[in-house]
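Here is how the chains run, residue by residue.
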Amino acid sequence: MKEAQELRAGNTVKIANDLFLVQKMVYNKGARNASMVKLKLKNLDTGASAESVYKAADKFNDIILERRPMQYLYAGNDQYTFMDQETFEQIDLNKDDLGDTLNYLKEQMVIEVVRHEGKAVGVELPVNVELKIDYTEPAVKGDTSGKVLKNAKLETGFEIQVPLYCTTGELIRIDTRTGEFVARA
Amino acid sequence: MHYKSIDIFCHIIDNFGDVGIAYRFAKEFKLAHLSCDVRLFVSDLRPLKGILPVIDSLQTVQEHEGIVFVDSTKLDNILVDALGTADVLVEAMGCEIPEAVMKKAEQRDTLIINLEYLSAEKWIKEYHRKPSLLPQARLKKYFYMPGFTSESGGVIIDSQVEMSRQSLSDDRIKHLNSHLKNFGISLTDTKDTLFGSIFTYARGFDTFLSDIGKIDKTIYLFIFGQKSRESMIQSLHRAQAVIMSDAHYTLKNIQVLIMPFLPQTVYDQFLCLTDFNIVRGEDSFVRAILSGKPFIWNAYLQENIYHRVKVEAFLEMFSNYFNDDIAFKNYSELLLEFNQAAEEQQVQTTRERYDNFFEDLNKINHATREMSYFIRFNCDLVKKLTGFLNQIQMEMVQ
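Positions within a chain are numbered from 1, following the residues in the order the chain's sequence is written. Working convention: letters from A go to chains and numbers from 1 go to ligands, in the order in which they are written. Residues qualify for local features only when their pLDDT is at least 70, as the model is predicted, and side-chain atom pairs are given and counted only at 80 or more; totals for whole chains, interfaces and linings, by contrast, use all residues.

Remarks on the overall build of chain A
- Helix and strand assignments follow DSSP, with helices taken as H or I runs no shorter than four residues and strands as E runs no shorter than two, numbered in order from the N terminus. Per the secondary structure count, chain A includes 1 helix and 16 strands.
- For the radius of gyration, the atoms used are the C-alpha atoms, and the globule rule reads 2.2 Å times the number of residues raised to 0.38. Here chain A has a C-alpha radius of gyration of 18 Å; the compact-globule value for 185 residues is 16 Å, and the two agree.
- Referenced to the eigenvectors of the C-alpha coordinate spread, the extents of chain A come out at roughly 55 × 45 × 25 Å.
- By the burial criterion, 33% of the 185 residues in chain A qualify as buried.
- Long-range contacts, defined as pairs at least 24 residues apart, comprise 49% of the intrachain contacts of chain A with a sequence gap of at least 6. Here a residue counts as buried when 20 or more other C-beta atoms fall within 10 Å of its C-beta, as exposed when 12 or fewer do, and as partly exposed in between; the C-beta atoms come from the backbone. We call two residues in contact whenever the C-beta atoms placed from their backbones are within 7 Å.

Written out as structure tokens, the structure reads:
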């Protein structure tokens, strides 16, 4: 069982008799230290996607589907092409299938492609990925605590918050579950 | 409304806030839908007794004001079988519905509404009226997000307070004297006098007492709740106030009166009698806004001072009702500093000053009154929820 707040893009959950792929997860902190999450779920049988909201602690039956390591090659016309590391077979996934993982996906990255009944349905990222900061305001001397944050645009185009001491061009490690800065790589 | 019965569940975490909101919701829903069976399931009836004295906290099932009250800690399969389940189940403040009730409810078509805590944050619209897919085929669940905008779920408007609003204004001195007489005080006019109520979490009032001590008026402070009382007494001792009685202190121009616990409606009405209110949490915060009187909000303390985010969101929305940028800036600074504490302490840990608040009292009064009008006419939670329930019913029929 997994709590709603532990789910992330690429996870598969079973609700009643249907399997759903998590395409997107948004976490919001509510009052009295309670929180909630909004999930974009794709029904793996019908292919239909829909949003569903949950309390952060709501429980899910998470299902481990077959997965294979594949390398992300390139994107074109909203299709994202991956290559099997052993068979060199190439498969395409669309933007919706990739969901939040697009925030961290860069060419040549090897990730787990999730398959259902022989068909690729999504991808799952490692917990941590290393990405380069494409742009951030110049580093500020003085604050080394890491508690004061600023915006940084990553090489994938995604923006996250980083400590003031980070600089443009620097390689950093990011937690893909939360989108938070972990450390300098 | 198609639905004939509604069960509201409330799990008490601490204090009176959650049960106060749940009871208020039950009461107003019943008034709006007299033919609908309304039941309120509460995990501890003792705090409810404070709000509604007629409650017998030892009784499992009882009826008052047309509402059936149930002690939810006594719910087992036998009692649930006897009581049955309603057409609509409400998880008040996102609480969990007892397992025995869920098992019974999934045997019939049941609508579940997760009635969340109030927030002024913009993201709540992403959750408001959104479905929450459940494994049980016969259960349909939606989130309902209270808030201060037309797009949100609104707030509960207390009809009894609305009806008494004119009288509270016209006969203000009479109403105030009905409370003051317990302290041997009777006023003939309110000229050169300020009345304020205080109901907060534990905090220091040292700078507050120091700043209002400089105002050229007699100030009556009515203190509500154990935490405010204990904190205020600590601050009064530090300021070397004169003890008139256990419930009455004097410090310069300030008369501090320790109030007994008041029934919900009486407290709500009291907030309409004062010149300013200092309130806490969710329910008294909403009542303070609806009173249309200037107020200071002590937000529920969260980990990592996250309550500041809630305060900032409220201020962003509240700024729309101010005509004066400087007054709003001063007010924002006060509210943010007032909520700067990471934990409850009966000593002064924050550095807020109140001079501007009292100088700007009329401007803040104008803003609060404008917001109160807007909410009362556009954000009635029971009306909006009824509309949503009707819409769901229509969709299910289609």
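Comments concerning the domain arrangement of chain B
Residues and elements named next belong to chain B.
- Per the domain assignment, the segments making up chain B are domain 1 (5–155 + 380–397) and domain 2 (159–378).
- Taking the mean C-alpha position of each, domain 1 and domain 2 sit 30 Å from one another.
- Of all the secondary-structure elements, those providing two or more residues to the side of domain 1 that touches domain 2 are α1 (17–32) and α2 (45–51).
- In terms of residue count, the dominant contributor to the side of domain 1 that touches domain 2 is α1 (7 residues).
- Classifying every residue of the side of domain 1 that touches domain 2 gives 11 nonpolar, 5 polar and 3 charged. The domain limits used here are those given by an automatic or database domain assignment. Charged residues are taken to be Asp, Glu, Lys and Arg, nonpolar residues to be Ala, Val, Leu, Ile, Met, Phe, Trp, Tyr, Cys and Pro, and polar residues to be all remaining types, Gly included.

Topic: the sheet that holds strand β2 (residues 37–42) of chain B
All names here are of chain B.
- Any two strands are treated as partners once DSSP identifies two or more bridges connecting them. Taken in spatial order, the 7 strands of this open sheet run β3-β4-β2-β1-β5-β6-β7, and their pairing is mixed. For this open sheet the edge positions go to β3 (61–64) and β7 (139–144), each flanked by a neighbour on one side alone. Taken over all neighbouring pairs, the strand axes of this sheet differ in orientation by 20° on average, direction set aside.
- The sheet contact formed by strand β5 (residues 88–92) and strand β6 (residues 110–115) spans 5 bridges and is parallel. Counterpart to Val88 in the pairing with β6 is Leu111. Orientation is described by axes fitted as lines to C-alpha atoms, over the contacting stretch for helices, and by angles from 0 to 180 degrees between their N-to-C directions.

Observations regarding helix α15 (residues 381–397) of chain B
All names here are of chain B.
- One less than the residue count of a helix, multiplied by 1.5 Å, gives the span that helix is expected to have. Between its first and last C-alpha atoms α15 spans 24 Å; for 17 residues at 1.5 Å apiece the expected length is 24 Å, and the two agree.
- Every buried residue of α15 is accounted for by Leu381, Val382, Lys384, Leu385 and Leu389. Each buried residue of α15 sits inside an arc of 160° when the element is viewed along its axis, so together they form one side. Facing away from the buried side of α15 by over 90 degrees, the exposed positions are Gly387, Gln391, Met394 and Val397.
- Looking at the buried side of α15, the elements it contacts are α1, β5 and β7. Directions from the helix axis toward the C-beta atoms define the arc.

What to know about the pairing of strand β14 (residues 159–163) of chain A
All names here are of chain A.
- Note that strand β13 (residues 149–154) and β14 share 5 bridges and pair antiparallel. Looking at β14, one finds that Leu149 is bridged to Pro163.
- Hairpin connection of β13 to β14: 4 residues between the antiparallel strands, including Gly157 at a positive phi of 95°.

Here's the deal with the domain arrangement of chain A
- In terms of domain boundaries, chain A breaks down into domain 1 (2–63), domain 2 (66–124) and domain 3 (128–184).
- Distance from the C-alpha centre of domain 1 of chain A to the C-alpha centre of domain 3 of chain A: 27 Å.

Topic: the nonpolar core
- Buried Ala, Val, Leu, Ile, Met, Phe, Trp, Tyr and Cys residues whose C-beta atoms connect them within 7 Å together make up a nonpolar core. The biggest cluster of nonpolar side chains holds 150 residues, and the ones touching the most others in it are Ile8, Cys10, Ala22, Val42 and Ala92 of chain B.
- Here the element with the most residues in this core is α1 of chain B; it accounts for 7 residues.

Section: the sheet that holds strand β4 (residues 35–43) of chain A
All names here are of chain A.
- If you walk across this open sheet you meet the 6 strands as β1-β6-β2-β3-β4-β5, and the pairing is antiparallel. At either margin of the open sheet sits one strand with a lone partner, and together these are β1 (2–3) and β5 (49–55).
- Note: strand β2 (residues 12–15) against strand β6 (residues 59–63), 3 bridges, orientation antiparallel. Note that in β6 the partner of Thr12 across the bridge is Ile63.

As for the interface of chain B and chain A
- In this complex, chain B contributes 21 residues to the contact, which on the side of chain A involves 16 residues.
- Of the residues that constitute the side of chain B that touches chain A, the class distribution is 11 nonpolar, 4 polar and 6 charged.

A look at the pairing of β5 of chain B
All names here are of chain B.
- The buried fraction of β5 is high, at 5 of 5 residues.
- In β5, alternate side chains face the same way, and those of Val88, Val90 and Ala92 on one face and Leu89 and Glu91 on the other are all buried.
- Across 4 bridges, strand β1 (residues 5–10) lies against β5 in parallel orientation. Each bridged residue has a counterpart across the sheet, and for Asp7 the counterpart in β5 is Leu89.
- By convention, orient the strands away from the viewer: a clockwise path from the first strand over the helix to the second makes the crossover right-handed. After leaving β5, the chain enters helix α4 (residues 99–105) and then returns to the sheet as β6, a path that is right-handed.

Thoughts on the packing of helix α11 (residues 307–318) of chain B against helix α12 (residues 325–338) of chain B
Residue and element names in this part refer to chain B.
- One can describe the packing of α11 onto α12 by two numbers: an axis separation of 10 Å at closest approach and a directional angle of 165°. In terms of orientation, α11 and α12 fall into the roughly antiparallel class. The hand of the α11/α12 crossing is right-handed. Across the interface between the two elements, Arg308, Val311 and Leu315 of α11 pack against Ser332, Leu335 and Leu336 of α12.
- Class assignment for the residues of the contact of α11 with α12 results in 4 nonpolar, 1 polar and 1 charged. Roughly parallel here means an angle under 35 degrees, roughly antiparallel means over 145, roughly perpendicular means 65 to 115, and every remaining angle is called oblique. Should the near helix be turned anticlockwise from the far one by less than a right angle, the crossing is left-handed, and should it be turned clockwise, the crossing is right-handed.

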